Amino acid sequence: MSIWEMIAVFGAGISAGAINTVVGSGTLITFPVLLATGLPPVTATVSNALGLIPGSISGAIGYRKELAGQGRRVLKLSIGALIGGLTGATLLLVLPSTAFETIVPILVALALGLVILQPRISKAVQRRRELNGTTARADGGPLLVVGLILASVYGGYFTAAQGIIYLSLMGMLLDDTMQRLNAVKNVLAAVVNSVAALFFLFVADFDWTAVALIAVGSALGGQIGAKVGRRLSPTVLRGLIVAVGTVAIVQLVLR
């Protein structure tokens, strides 16, 4: 890489780390930049996955207060994320690179719809529980576990906008605040990125310069994103998710 390409990759890493921590979809910044430096798509994907691990961990640490009391929930959902992430990483090496191009924008659009409707859905679900005399399950039940596993399969394959899908599923099926759910999302993203990257270490080629630049940049960005994201109201956070997700859909369709 030239010095200017290195600066671009580092800057993309900072931006991706911050956006991933607050919303998700940071890969839509780093991936095109890596392609622009001349890396093949698969090499760019696996290098990006490994480089973003420090950013995911940094973001999760930044949200550690919101993670308090969610240990059992995080553990159970992380197991599903691990299984899904490993499956997605395997599919990346088996399926053609265009396999998910059609379905991904549709998935993100559906996730955004759920994010927008989440307050109404949550109120309707709460009224139904009150009528039936039941309470919300702390882990979201089998539906959430299956949904997150499927989202993690996609995350292990490409990662772009997986955080938005996580938030939409948890927001619909868990009775908790957006900030606490965002904290869980950061942990799940870290799990998926880590298991996918460890798998790739044994079977794929990395560009270690790109990995190092994104790793340092995303770690810095994760702290920035945590400081900003934790101060956002639920309405503003939801609006930001929709805005970023819309941009993600446009970029995915045009790519």
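Residues numbered from 1 in each chain as written. Predicted model: local features only at pLDDT ≥ 70, side-chain atom pairs only at ≥ 80, totals over all residues. Heavy atoms only, no water.

**Observations regarding the packing of helix α6 (residues 71-94) against helix α10 (residues 178-203)**
Alright, step 1. Following both chains from N to C, one finds α6 and α10 inclined at 40°, their axes separated by 8 Å at the closest point. Considering the relative orientation of α6 and α10, their crossing is right-handed. Residues Arg73, Val74, Leu77, Ser78, Ala81, Leu82, Gly85, Leu86, Ala89, Thr90, Leu92 and Leu93 of α6 form the contact with α10, whose own contacting residues are Leu181, Val184, Val187, Leu188, Val191, Val192, Val195, Ala196, Phe199, Phe200 and Val203.
Alright, step 2. In terms of residue class, the contact of α6 with α10 is made up of 19 nonpolar, three polar and one charged. (Axes fitted to C-alpha atoms, helices over the stretch in contact; angles between N-to-C directions. Helix = DSSP H or I, 4+ residues; strand = E, 2+ residues; numbered from the N terminus. Left-handed = near helix turned anticlockwise from the far one by under 90°. Contact = heavy atoms within 4.5 Å. Nonpolar A, V, L, I, M, F, W, Y, C, P; charged D, E, K, R; others polar.)

**Things to note about a nonpolar patch on the surface**
Alright, step 1. A cluster of nonpolar side chains, Val42, Leu93, Val94, Leu95, Leu198, Leu201, Phe202, Val203 and Trp208, forms an exposed patch at the surface whose accessible area comes to about 890 Å².
Alright, step 2. Elements with a contribution of two residues or more to the nonpolar patch: α6 and α10.
Alright, step 3. In terms of residues, the nonpolar patch owes the most to one element, α10, which gives four residues.
Alright, step 4. Judged by relative accessible area, tryptophan 208 falls into the exposed class, the value being 52%. (Patch = residues over 30% accessible without salt bridge, like charges linked within 9 Å, V, L, I, M, F, W, Y side chains within 5 Å. Areas by Shrake-Rupley, 256 points an atom, 1.4 Å probe, with all protein chains shown as cover. Salt bridge = Lys/Arg side-chain N within 4 Å of Asp/Glu carboxyl O. Buried < 20%, exposed > 50% of the residue type's maximum accessible area, 1.4 Å probe, protein only.)

**So, the nonpolar core**
Alright, step 1. Ranked by internal contacts, the top residues of the largest apolar core, which has 47 residues, are Leu77, Leu144, Leu148, Met170, Leu188 and Phe200.
Alright, step 2. Among the elements that take part in this core, α10 stands out by supplying nine residues, more than any other.
Alright, step 3. Those residues in contact with leucine 148, other than ones at most four positions away along the chain, are Leu77, Tyr166, Leu169, Met170 and Leu188. (Core = buried A, V, L, I, M, F, W, Y, C linked by side-chain atoms within 4.5 Å.)

**Some points on the side chain of serine 218**
Alright, step 1. Looking at the element boundaries, serine 218 is found in helix α11 (residues 208-229).
Alright, step 2. Exposure remark for serine 218: the relative accessible area of 0% places this residue in the buried category.
Alright, step 3. From its side chain, serine 218 meets the backbone oxygen of glycine 51 in a polar contact 3.1 Å long.
Alright, step 4. At 3.2 Å, the side chain of serine 218 forms a polar contact with the backbone oxygen of alanine 215.
Alright, step 5. Setting aside residues no more than four positions away along its own chain, serine 218 makes contact with Gly13, Ile14, Gly17, Gly51, Leu52, Pro54 and Gly55. (Polar contact = N/O pair within 3.5 Å; in protein donor to acceptor, adjacent residues only side chain to side chain.)

**So, the confidence of the model for the protein chain**
A low pLDDT score tells you not to read the predicted coordinates there in detail.
Alright, step 1. Looking at the protein chain as a whole, its pLDDT mean stands at 80, while 79% of the residues score no less than 70.
Alright, step 2. Ranking the elements of the protein chain by mean pLDDT puts helix α7 (residues 103-132) last with 65 and α11 first with 91. (pLDDT = per-residue confidence, 0-100.)

**A closer look at the environment of glutamine 179**
Alright, step 1. Here glutamine 179 is to be found in helix α10.
Alright, step 2. For glutamine 179, a relative accessible area of 12% translates into the label buried.
Alright, step 3. Separated by 52 residues in sequence, glutamine 179 and arginine 231 place their C-alpha atoms 9.1 Å apart.

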